[in-house]
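Descriptive structure summary
Listed below are the residues making up each chain.
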Amino acid sequence: INANYRERMNNNRDWIRQIVRRHEFNHKPSVADEDSIRAIFFFGHHRQSQFWRSLQDDLEDLKVPMAYFHGNGHSWYAEEPFSDWPNFWISQVDMGGIAPPIRVTIQGTTEVAQQYPPRRLSPYHVMMGPTIHVDRRGGTDKGPYSTSSFD
């Protein structure tokens, strides 16, 4: 790994820490609590497992579901890659042109939304924790998702 790459990853870590510190976290937000973060999504190009592991201490204590979406391998999977960090998911999306865009939904906080929690409706639907629903809207593989761990 060259110095330029290390510097870029350090800058990325610093930026994520800075953004996270700007926001308050409430583990049970209500309609009146519009500023609380109920989930965090990251987007990138490559899997970067070591990068996310290096941020675990900063992010895990937030106790909100987090998902990192990337497209490096061009075929679908979603997994909880770290057995000791159950609120963190990594998902690789299908290559553009072979599958429709995914649709990600976070359960709302109103009384009506609480009556209809997200749920897995078919093999093309993935639940990331109790509040994040990913609809692949078709996709290309035969299975819903992988649950392998590789610490």
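Up top you'll find the structure we're talking about.
Residues numbered from 1 in each chain as written. Predicted model: local features only at pLDDT ≥ 70, side-chain atom pairs only at ≥ 80, totals over all residues. Heavy atoms only, no water.

What about the sheet that holds strand β3 (residues 77-79)?
Pairing in this open sheet of four strands is mixed, and the strands run β1-β2-β4-β3 from one edge to the other. Each edge of the open sheet carries a strand with a single partner, namely β1 (40-44) and β3. Strand-to-strand twist of the sheet, defined as the mean angle between neighbouring strand axes without regard to direction, takes the value 15°. As defined by bridge partners, β1 adjoins strand β2 (residues 66-70) across five bridges and the pair is classed as parallel. (Pairing = 2+ DSSP bridges. Helix = DSSP H or I, 4+ residues; strand = E, 2+ residues; numbered from the N terminus. Axes fitted to C-alpha atoms, helices over the stretch in contact; angles between N-to-C directions.)

A look at the pattern of salt bridges
With the rule as written, the count across this model stands at six salt bridges. Salt-bridge contacts for D58 lead to R17; the nearest nitrogen and oxygen are separated by 2.7 Å. You can see D58 sitting in helix α3 (residues 56-60) and its partner R17 sitting in helix α1 (residues 3-22), a full 41 residues away along the chain. Given a relative accessible area of 36%, D58 falls into the partly exposed group. (Salt bridge = Lys/Arg side-chain N within 4 Å of Asp/Glu carboxyl O. Buried < 20%, exposed > 50% of the residue type's maximum accessible area, 1.4 Å probe, protein only.)

Observations concerning the pairing of strand β4 (residues 88-92)
Summarising burial for β4: five of the five residues are buried, a large majority. Of the two faces of β4, both are covered, the one formed by F88, I90 and Q92 as well as the one formed by W89 and S91. Bridge analysis of β3 against β4 gives three bridges, and the strand direction is antiparallel. Within β4, the position partnered with E79 by the bridge is I90.

As for the packing of aromatic side chains
Per the stated rule, a full pass over the model turns up nine aromatic pairs. Ring centres of F51 and W52 lie 5.0 Å apart, and the angle between their planes is 80°; on these two criteria the pair is classed as edge-to-face. When sorted by exposure, F51 lands in the same class as W52, which is buried. Taking 6.0 Å as the distance between ring centres and 25° as the angle between the ring planes, the aromatic pair formed by F82 and F88 counts as stacked. Using a relative accessible area of 3% as the deciding quantity, one classes F82 as buried. A relative accessible area of 0% means that F88 is categorised as buried. Following the ring pairs from residue to residue traces out a cluster consisting of F42, F51, W52, Y68, F82, W85 and F88. (Phe/Tyr/Trp six-rings, centres within 6.5 Å; stacked < 30°, edge-to-face > 60°.)

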